[in-house]
Amino acid sequence: MKYRFALLTVLVAVVPRPSAALPDFAVPARMTGVASGSLDSAGNVVQNTARVLNLLDQFQSITESLYGLQTPTLYRLATGLRVVLDSLVESGSPIFQGLSNAARLSIGNITTVFDGIRRSINGTIALHELHQSALNGTVLLLGTGGVHNVSTVLHQLVRNVANLTGALDEIEPAIVAIQEQELSRPTQAQVDGRYPRAVIRRLNGILLDYVNIGQATVPQINAVVNRIRMMDGFIGRLAAATGGLWSDLNRTLAAVNGSVYAGVQQRLHTTARTVRNNFNATVLGTARKLKLFFLDDLEEMQLVARNASALLVKRLTNVTGALDGLVNRTEVRLEGYESELVLNRTIAAVTDLAWRLALSVTSSVPGADICYARYSYEFDKIPRLIYGSLVACGQGEARTLQSVGGGLSGALSLTQAQLDAETSNYEQCLGGLVPGSSDVLKRQRIVCLRGAERFSGVLGDAVVDAQLSAFQALLQQEMSYSAERHHQCVRTSGHLMVAEVKRLWSSIANCLS
């Protein structure tokens, strides 16, 4: 039994197994350098096309990062490079995937397969001029040198792809001849006799050249794209910072005008209304006293009381109208358009300078990376500096106006004194007088009231109108002075902005030189 088992083992070992078909360009036999093996360390078609496809995946990954750019202008400037890299992947993938698939076929019509690959090759070659045109449109972003470098790589890759056609044209007849062997399944010896080793070696060499060109190019393209993305972040950060400052300035100017309104305009309005209300209360009180004599036994007293009361009511109407009109015309505010203009000019100047530096970096201008690292955060400082200066202008003028408002309120106190003096004349005439007083006293007070009437009629309206007109002129003058002070302060901020931008540009220019 023991010997039987040993004999069975030997028999199993020596029984020949049917050989599996080895797929090589639709030939069911091994051809070294196609799907397996290697000729002179050149690898095989399957390995090398896999390397090329991996390389195209790297190009695709780089391209996808360009689709993530946040700055619209930079996104538009990078369109040409994005289109070229996208097209390079989309047109190249069918060629090399087709070669890889063909290399692993065990049976099939190799002419049909190769014709499909050749069509893809011809399509890629036809796109070359379009690629060059799109690439030329990126000169502002990549610079002349950058465009030339990428253009050179494109030329090399297209020439490399074109060389594939010649290799396929030589390989195809040999494969067809092997397939047309009299035997339906040619032996390995028959395949070896017709195997186009030299052309297969050349095909692998072409594929390796593509890989070598691409591997040398990927770091360069990656560096270019990384610089573009870095500048995208730089421009985006600056835009966010300056946009926030513009909003802050509007809020600050609104707050400044709020304090001006409360501390100056509203104060003047309150003072004017107080003068009006005081005069109204005094006149009404005097009119009530005069009314006691409208039916007095002394007819002359009746007449004087009625006339005085009518005159005071008329004066009250005139003064009230004048003071209400003054309130309606009194507006104190700081105009913010000059500050907004200076900040907008600052943002525009700094953004323009930032774009110059950004395009120097993306164009690989010598030293631009170092200059960017040294000065990039200086760009944020200038808008903040000018913003602070403009805010100080507004707040400083608001404080000045509040001081001026105190003086203007004092001017209105003269009108209050004038009106108090006018009404006090009537109060003095009526002091101690009652309907039952003697006619002698009444006649004395009649003379007094007529004097008060003459004062009101001749001087009342004229003096008060003159005082209110003087106040209005003084207010307009102070507003003019205020506007001029604020204008000069904002103008100084504008000069500061110009000086700071020139300083930064000079520093960058010296750094780049």
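Residues numbered from 1 in each chain as written. Predicted model: local features only at pLDDT ≥ 70, side-chain atom pairs only at ≥ 80, totals over all residues. Heavy atoms only, no water.

Draft legend 1. The overall build of the chain, seen in detail. Scanning the chain for helices and strands turns up 14 helices and 2 strands. Counting only residues that meet the buried cut, the chain has 45% of its 513 residues in that class. Once local pairs closer than 6 in sequence are excluded, the contacts in the chain between residues at least 24 apart make up 82%. Summed over its atoms, the accessible surface of the chain is roughly 25000 Å², and 57% of this surface lies on carbon and sulfur atoms. (Helix = DSSP H or I, 4+ residues; strand = E, 2+ residues; numbered from the N terminus. Buried < 20%, exposed > 50% of the residue type's maximum accessible area, 1.4 Å probe, protein only. Contact = heavy atoms within 4.5 Å. Areas by Shrake-Rupley, 256 points an atom, 1.4 Å probe, with all protein chains shown as cover.)

Draft legend 2. Here's a closer look at the packing of aromatic side chains. Tallied over the entire structure, the rule returns 3 aromatic pairs. When the centroid spacing of 5.2 Å and the interplanar angle of 80 degrees are considered together, the rings of Phe234 and Tyr372 count as edge-to-face. With Phe234 in helix α9 (residues 197–291) and Tyr372 in helix α12 (residues 368–375), this residue pair connects regions lying 138 residues apart in the sequence. Using a relative accessible area of 1% as the deciding quantity, one classes Phe234 as buried. Aromatic side chains Phe234 and Phe379 sit 5.3 Å apart centroid to centroid with 80 degrees between the ring planes, which places their arrangement in the edge-to-face category. One end of the pair, Phe234, is in helix α9; the other, Phe379, is in helix α13 (residues 378–430), with 145 residues separating them in the sequence. Accessibility classification places Phe234 together with Phe379 in one group, the buried group. Members of the aromatic cluster, joined through ring pairs, are Phe234, Tyr372 and Phe379. Its guanidinium or amino end placed over the ring of Tyr377, Arg237 lies 4.1 Å from that ring's centre, counting from NZ or CZ. The ring centre of Trp505 lies 5.0 Å from the NZ or CZ of Arg356, which sits over that ring. (Phe/Tyr/Trp six-rings, centres within 6.5 Å; stacked < 30°, edge-to-face > 60°. Lys NZ or Arg CZ within 6 Å of the ring centre and 35° of its normal.)

Draft legend 3. Structural context of the pattern of salt bridges. Scanning all chains against the criterion turns up 18 salt bridges. One salt bridge connects Glu427 with Lys289, and the closest N-O pair in it is separated by 2.8 Å. Here Lys289 lies in helix α9 and Glu427 lies in helix α13, a separation of 138 residues in the sequence. By sharing partners, the salt bridges in this structure join Asp115, Arg118, Asp169 and Glu172 into a single network. (Salt bridge = Lys/Arg side-chain N within 4 Å of Asp/Glu carboxyl O.)

Draft legend 4. Quick peek at the environment of Ala354. Mapped onto the fold, Ala354 is located in helix α11 (residues 337–362). Along the primary structure Ala354 and Phe234 are separated by 120 residues, whereas in three dimensions their C-alpha atoms are 8.3 Å apart. Sequence-distant contacts of Ala354, defined by excluding residues within four places in its chain, comprise Phe234, Ile235, Leu238 and Phe379.

Draft legend 5. Focus on helix α2 (residues 45–66). The terminal C-alpha atoms of α2, which comprises 22 residues, lie 32 Å apart, in line with the 32 Å expected from a rise of 1.5 Å per residue. Its side-chain oxygen placed 3.2 Å from the backbone nitrogen of Val46, Asn44 serves as the N-cap of α2. (Expected span 1.5 Å × (residues − 1). Polar contact = N/O pair within 3.5 Å; in protein donor to acceptor, adjacent residues only side chain to side chain.)

Draft legend 6. Summary view of helix α6 (residues 128–136). Taken as a whole, α6 has its buried residues at His128, His131, Gln132 and Leu135. For α6, the buried positions fall inside an angular range of 100 degrees around the axis, keeping them on one side. Structural note: α6 exposes Glu129 and Leu130 on the side pointing more than 90 degrees away from its buried face. (Arc of directions from axis to C-beta.)

Draft legend 7. Quick peek at the confidence of the model for the chain. For the chain, the mean per-residue pLDDT works out to 86, and 88% of the residues sit at or above 70. Across the chain, element-level confidence peaks in α11 with a mean pLDDT of 95 and bottoms out in helix α1 (residues 2–14) with 34. Contacts from residues 1–21, a stretch scored under 50 in pLDDT, to residues over four places away or in other chains number 2 contacts. (pLDDT = per-residue confidence, 0-100.)

Draft legend 8. Seen up close, the state of the cysteines. Taken as a whole and assessed by the stated rule, the structure comprises 3 disulfides. Between the sulfur atoms of Cys393 and its disulfide partner Cys489 the distance amounts to 2.0 Å. The disulfide joining Cys393 to Cys489 has a torsion of about -85 degrees about its S-S bond and is therefore left-handed. Taken as a pair, Cys393 in helix α13 and Cys489 in helix α14 (residues 439–512) lie far apart in primary sequence, 96 residues in all. (Disulfide = S-S within 2.5 Å.)

Draft legend 9. How the structure looks around the packing of α11 against α14. Close contact between α11 and α14 brings their axes to 9 Å; oriented N to C, the two are set at 5 degrees. The orientation of α11 with respect to α14, classified from their angle, is roughly parallel. Across the interface between the two elements, Glu338, Ser339, Val342, Arg345, Thr346, Ala349, Val350, Leu353, Arg356, Leu357 and Ser360 of α11 pack against His486, His487, Val490, Ser493, Gly494, Met497, Val498, Val501, Leu504, Trp505, Ile508 and Leu512 of α14. Along the lines of polarity and charge, the residues of the contact of α11 with α14 split into 13 nonpolar, 7 polar and 3 charged. (Axes fitted to C-alpha atoms, helices over the stretch in contact; angles between N-to-C directions. Parallel < 35°, antiparallel > 145°, perpendicular 65-115°, else oblique. Nonpolar A, V, L, I, M, F, W, Y, C, P; charged D, E, K, R; others polar.)

Draft legend 10. Layout of the packing of α9 against α11. Taken N-terminus to C-terminus, the directions of α9 and α11 make an angle of 175 degrees; their axes are 10 Å apart at the nearest point. It follows from the interaxial angle that α9 and α11 lie roughly antiparallel. Tallied by class, residues from the contact of α9 with α11 come to 17 nonpolar, 6 polar and 2 charged.

Draft legend 11. Local environment of the nonpolar core. Counting 91 residues, the largest nonpolar core has Phe59, Leu81, Phe96, Leu164, Tyr210, Ile228 and Phe379 as the members making the most contacts within it. Residue contributions to this core peak at 20 residues, all from α9. Residues lining this core come from more than one domain, with at least three contributed by each of domain 1 (45–195) and domain 2 (239–510). Excluding anything up to four places from it in sequence, Leu164 contacts Ile95, Phe96, Leu99, Ile121, Leu203, Ile206 and Leu207. Counting residues in hydrophobic clusters, the runner-up holds 44 residues, among them Leu290, Val327, Leu449 and Val464. (Core = buried A, V, L, I, M, F, W, Y, C linked by side-chain atoms within 4.5 Å. Domains from an automatic or database assignment.)

Draft legend 12. Highlighting unusual backbone geometry. Not every positive phi belongs to a glycine, and Ser364 is a case in point at roughly 60 degrees. You can see Ser364 is positioned in the loop between α11 and α12.

Draft legend 13. Looking closely at the side chain of Thr362. Mapped onto the fold, Thr362 is located in helix α11. Assessed through its relative accessible area of 2%, Thr362 is described here as buried. Within the local environment of Thr362, its side chain forms a polar contact with the backbone oxygen of Leu359, the two atoms lying 3.2 Å apart. Beyond its immediate sequence surroundings of up to four residues, Thr362 is in contact with Leu141, Leu142, Arg227, Ile228 and Met231.

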